[in-house]
Number of protein chains: 2
Amino acid sequence: MLRTHTCGELNLDHTGITVTLSGWIQRSRDLGGMTFIDLRDRYGITQLVFNMETNAVLCESARRLGREFVISVTGTVAERSNKNLKIPTGEIEIIVNRLEVLNSSKIPPFTIEDNTDGGDELRMKYRYLDLRRNPVRDNLLLRHRMAIETRNYMNNVGFIEVETPVLIKSTPEGARDFVVPSRMNEGQFYALPQSPQTFKQLLMVAGFDKYFQIVKCFRDEDLRADRQPEFTQIDCEMSFVTQDDILSTFEGLTKYLFQTVKGVDIEALPRMTFADAMKYYGNDKPDIRFGMTFVEITDLVKGKDFKVFDDASLVAGINAAGCASFTRKQLDALTDFVKRPQLGAGGLIYVRYNEDGTLKSSVDKFYSEEELKKWAEVFGAKPGDLMLILAGDAVKTRKALSELRLEMGNLLGLRNPEVFAPLWVVDFPLLEWDDETQRYYAMHHPFTSPKPEDIPLLDSDPGKVRANAYDLVINGVEIGGGSIRIHNKDLQKKMFTILGFSDEDAQAQFGFLMNAFEYGAPPHGGIAFGFDRMCSLFGGSDSIRDFIAFPKNNAGCDVMIDAPAPIKQEQLDELKLVINIQDQRE
Amino acid sequence: MLRTHTCGELNLDHTGITVTLSGWIQRSRDLGGMTFIDLRDRYGITQLVFNMETNAVLCESARRLGREFVISVTGTVAERSNKNLKIPTGEIEIIVNRLEVLNSSKIPPFTIEDNTDGGDELRMKYRYLDLRRNPVRDNLLLRHRMAIETRNYMNNVGFIEVETPVLIKSTPEGARDFVVPSRMNEGQFYALPQSPQTFKQLLMVAGFDKYFQIVKCFRDEDLRADRQPEFTQIDCEMSFVTQDDILSTFEGLTKYLFQTVKGVDIEALPRMTFADAMKYYGNDKPDIRFGMTFVEITDLVKGKDFKVFDDASLVAGINAAGCASFTRKQLDALTDFVKRPQLGAGGLIYVRYNEDGTLKSSVDKFYSEEELKKWAEVFGAKPGDLMLILAGDAVKTRKALSELRLEMGNLLGLRNPEVFAPLWVVDFPLLEWDDETQRYYAMHHPFTSPKPEDIPLLDSDPGKVRANAYDLVINGVEIGGGSIRIHNKDLQKKMFTILGFSDEDAQAQFGFLMNAFEYGAPPHGGIAFGFDRMCSLFGGSDSIRDFIAFPKNNAGCDVMIDAPAPIKQEQLDELKLVINIQDQRE
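Reference entry: report on the structure contained in this document. (Residues numbered from 1 in each chain as written. Chains lettered and ligands numbered in written order. Predicted model: local features only at pLDDT ≥ 70, side-chain atom pairs only at ≥ 80, totals over all residues. Heavy atoms only, no water.)

### Considering helix 12 (residues 394-411) of chain A
Residues and elements named next belong to chain A.
- Between its terminal C-alpha atoms helix 12 stretches 25 Å, which fits the 26 Å expected from 18 residues at 1.5 Å a residue.
- Among all positions of helix 12, only Thr-397, Ala-400, Leu-401, Ser-402, Leu-404, Arg-405, Leu-406, Met-408 and Gly-409 are buried.
- Where helix 12 is buried, its residues contact helix 7 (274-281), strand 13 (314-320), helix 10 (328-339) and strand 16 (386-392).
- Where helix 12 ends, the next residue or the one after it, Gly-413, has phi of about 65 degrees, a positive value. (Helix = DSSP H or I, 4+ residues; strand = E, 2+ residues; numbered from the N terminus. Expected span 1.5 Å × (residues − 1). Buried < 20%, exposed > 50% of the residue type's maximum accessible area, 1.4 Å probe, protein only. Contact = heavy atoms within 4.5 Å.)

Here is the structure:
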């Protein structure tokens, strides 16, 4: 028996009993006559006491133990004289009478503390030590809790979890696939799924009615800080539903998770059209924890010889309440912010609505106070407020103003990570035009259904067609997205044609799905949530890596196990593959 | 609103209310004045009625609908005159007043009935139609239930589900890996995990204490009927435990699953040593639903000039109670059974213990009735019983006798798939000697700990070392297996040496694990269950394929989506790979 209790459960009720604990040495303090050791396991920390007077040999052994040694001790639970009420076990200690060293430890390359001195790379190489730190472990405990609660909710409302295959077929639409050479089928490859999209649709054709899966997906993309080559989705699909049925089902899941995991009650989720999100937030994932929505004044400001406004296709701004007192320096910083190459605004126009009712702007040369007053009215500004205005090309201006709005939210402390403001963004366009390749791409994916009333536009003006597609956005982050799917073979075929597929290509790649549609496919739709991102949002962090047990770095490498790595020649031979790096470089 | 209710929930309590149902047409019966349609969804079947007299147009439309059409109907719930008490909805029907065809269907290539006329290949190609059949869907519902219950049990006893990576590193020990070329790291490969073994051990080093995961694993092996290239494990690991702690934890899970999923109460699981399993059942996965354990009579029978026995290193048999009346033909069939090339026994010796107390054997020439009586005593045989005896090389004889025992169990109906007899087989040998490669292989895997008392034998007689390894066996099927792991770097290094690794190879492949052991690795151990096999056992089937939504065939192909498949040249180029089939064939 290596332990009778964990290091997190003993308290005054246990006083006097004999216990055996096992764990790691968090720290030890040698006070001459006494040695104290904090023993740590997943469940907490318990103080051990060794006494030089009563057991010198044992105490001497204890003194020789280093940090992160693994020990097992037996002793008696006693009330502490010097209590630590911050931890549940802080009122007791163990008077040790048996000590066994289960394993020693070299000195860790960084401290195993909440705030460690280890850099990112070192912590990744020794991830098993990094995972010992409370904040990292707590992230993974949160993730476990989220998964359990998600599954229980989904099960309770009648969804079946079905495992879809990992070894599937490569399809060129979408991101780049990871491929897996098949030894038994020479020269052929499996692909790892970017999502179980077609399989979940087939499950609907199969009459499964309500499917979900928490599932690993794969994308061979160049990685950014918040991207991983393998990631996890909560993947869902339902039959005989309209968009409303789906939104209310997953509004239920969202509220349930906030309630059970965070203890936060969420009101009904607002729904905002894509058009409104772009118009009022310049962004299809608006952070609605705060207002400062866009005000357009294009028509109001033209014809006063201010070339910047006269040439602009959009003049729009936000009203920062109570910010009239911003200093010149602060305004310069904001101007620099919007002029960064990523945003590329020409400059920032401001109008101060002073407390005394006067108005002062950076364009006083062109606009009278009377005119500025009219602007203030449109902005809904009050004395003490600051209006920030950008002008130029509509798309670029919206993008820059969106970033400026978020920056103002940051500066004013309006983006508290413990406040959660979810919403649905709906009515996304079906297609996006790409100038470079001169073709339409599916904004969501090729299986998304156009709104029935917009189907006639597919021939006349495809870019105008709205989709039955929706995103769940929380605090400015896209957490999930989905759509009602096409369930009719002819419409699906037409969609592939619009996306530039030849009939042969469409049949070769998605023939199995279109064939399935001919055997009684029900109306269906679904959604998928980015589980890593969802966990990081719930955990109040921006980084998904902190919520993945063994993440990869930006080069797609696991530096702990040293993967990827070369394989043996006989493995390549069996797969009939030759590596041809030389050739490509010549 | 596409439905107000499902096809499985309406009964007499709903009489008179207006409902909307959606589903598939299971069958329709046209009785002249009336047309009846059975509407099916995941939840059940509801009878629809169309009346020529009250609504001829609607009734005409209904008559034109074919099998598997998808429709939505609105109507009134009415009591049936001709009740079907076999189904929950059999007392009511829907008098339809609105009919909408949501999708048509071609005639399915096989009937969507419990017993279908479709062959295996056709059903695989149209798996989405096969999945509509009740028995197939029920298998996947069972699987879902098993997963949910497993997770809840594990969560309740303190285990954390942690997702381990799918893109890892290839290791040549064990089965063949599937590999994934890395585009970002030219010429390098990830491998898909055969199990998360090293990661779960690192989680123990990380102090996670209790880990589990229901996880996909991958093996590129030549497939048999019951093997799949991707399969699912319930993977578990615990720290600060002895073998007893693990067995009792997972005995708990086993009992819980039988209780909740099958309504079957399982007594305490017996534990049998590997040595006893081989001695009494000739098999390390004994089916203990019935007795007929082996009786060895080698010493008793020698020296009577019967060469077969005199030359044998083992003479052993089983006593088939009540089988003295087996006919000559039956005995010949059993003889043929053991003489098949797979078993290769030279012949079968039988001794009939007749009801009248006389004994009659196939070796009467060599043994007197007095001598046969002594055998009967050792066998514990009674009048009416039949003793079946094999002789020869010990290993081969045990194997053949084991198969004969199972065959007798089949013949006598002692292997009821609805009776469950789980047990633990313990004390497996650590190593297996392979004559061909002239080296030892790990019987479980290289991380398995020898029994502490057997460690001295590692140097003197490695083949004799027993491991702290155990299997969960149910009804003659290995459902799970695990071990206490090595947590000491030096012992792990020694183990790799015994397995023929050079120090460099061991360090290159498993250095990260051995390094981790130097930073305070706790004693730990675990187990993994074959989830597909477990589901098929609970479902009373021998085939795991029936319990996988989209299985692959024996060539590793998904014939529905047509995977694996060739990929585009640009994909190969990006990966710096050349396919070299020609070359190999010359």
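### What to know about the sheet that holds strand 2 (residues 34-41) of chain B
Residue and element names in this part refer to chain B.
- The strand order around the closed barrel built from five strands is 1-2-3-5-4, with neighbouring strands paired in mixed fashion. Direction aside, the axes of adjacent strands within the sheet are offset by 55 degrees on average.
- Summarising the sheet, strand 2 and strand 3 (residues 44-51) pair through eight bridges and their orientation is antiparallel. Bridged to Leu-39 within strand 3 is Thr-46.
- Against the sheet, helix 1 (residues 56-63) engages strand 1 (18-30), strand 2, strand 3 and strand 5 (92-103), with an angle of about 65 degrees to strand 5. (Pairing = 2+ DSSP bridges. Axes fitted to C-alpha atoms, helices over the stretch in contact; angles between N-to-C directions.)

### Re the packing of helix 5 (residues 197-205) of chain A against helix 15 (residues 503-516) of chain A
Residue and element names in this part refer to chain A.
- The interhelical angle for the contact between helix 5 and helix 15, taken along N-to-C directions, is 20 degrees, at an axis separation of 10 Å. Considered as vectors, helix 5 and helix 15 are oriented roughly parallel to each other. The interaxial crossing formed by helix 5 with helix 15 has left-handed handedness. Along the contact surface, helix 5 presents Thr-198, Gln-201, Leu-202 and Val-205, while helix 15 presents Phe-510, Phe-512, Leu-513 and Ala-516.
- For the contact of helix 5 with helix 15, the class distribution of residues is six nonpolar, two polar and no charged. (Parallel < 35°, antiparallel > 145°, perpendicular 65-115°, else oblique. Left-handed = near helix turned anticlockwise from the far one by under 90°. Nonpolar A, V, L, I, M, F, W, Y, C, P; charged D, E, K, R; others polar.)

### Topic: a negative patch on the surface
Residue and element names in this part refer to chain A.
- A grouping of Glu-355, Asp-356, Glu-369 and Glu-370 is seen on the molecular surface, where their side chains present a negatively charged patch.
- Within the secondary structure layout, Glu-369 lies in helix 11 (residues 369-379).
- Taking the relative accessible area as the measure of exposure, Glu-369 reaches 37% and is therefore partly exposed. (Patch = residues over 30% accessible without salt bridge, like charges linked within 9 Å, V, L, I, M, F, W, Y side chains within 5 Å. Areas by Shrake-Rupley, 256 points an atom, 1.4 Å probe, with all protein chains shown as cover. Salt bridge = Lys/Arg side-chain N within 4 Å of Asp/Glu carboxyl O. Lys, Arg positive; Asp, Glu negative; His and termini not counted. Charge placed at Lys NZ, Arg CZ, Asp CG, Glu CD.)

### Looking at the packing of aromatic side chains
- Under the criterion given, the structure shown has 50 aromatic pairs over all chains.
- Ring centres of Phe-306 of chain A and Phe-366 of chain A lie 4.7 Å apart, and the angle between their planes is 35 degrees; on these two criteria the pair is classed as tilted. Separated by 60 residues along the polypeptide, Phe-306 of chain A in the loop between helix 8 (298-301) and helix 9 (307-310) and Phe-366 of chain A in the loop between strand 15 (359-361) and helix 11 bring together distant segments of the chain.
- A connected cluster of aromatic rings, assembled from ring pairs, spans Phe-306, Phe-309, Phe-366, Tyr-367 and Trp-375 of chain A.
- We note Arg-405 of chain A situated over the ring of Phe-290 of chain A; from NZ or CZ to the ring centre the distance is 4.0 Å.
- Of note, Lys-125 of chain B hangs over the ring of Tyr-126 of chain B, and the distance from its end group to the ring centre comes to 5.8 Å. (Phe/Tyr/Trp six-rings, centres within 6.5 Å; stacked < 30°, edge-to-face > 60°. Lys NZ or Arg CZ within 6 Å of the ring centre and 35° of its normal.)

### Let's talk about the environment of Val-395 of chain A
- Following the sequence through the fold, Val-395 of chain A ends up in helix 12.
- Through-space distance from the C-alpha of Val-395 of chain A to that of Ala-333 of chain A is 23 Å; in sequence the pair is 62 residues apart.

Treat this as a map of the structure, not an account of what it does.
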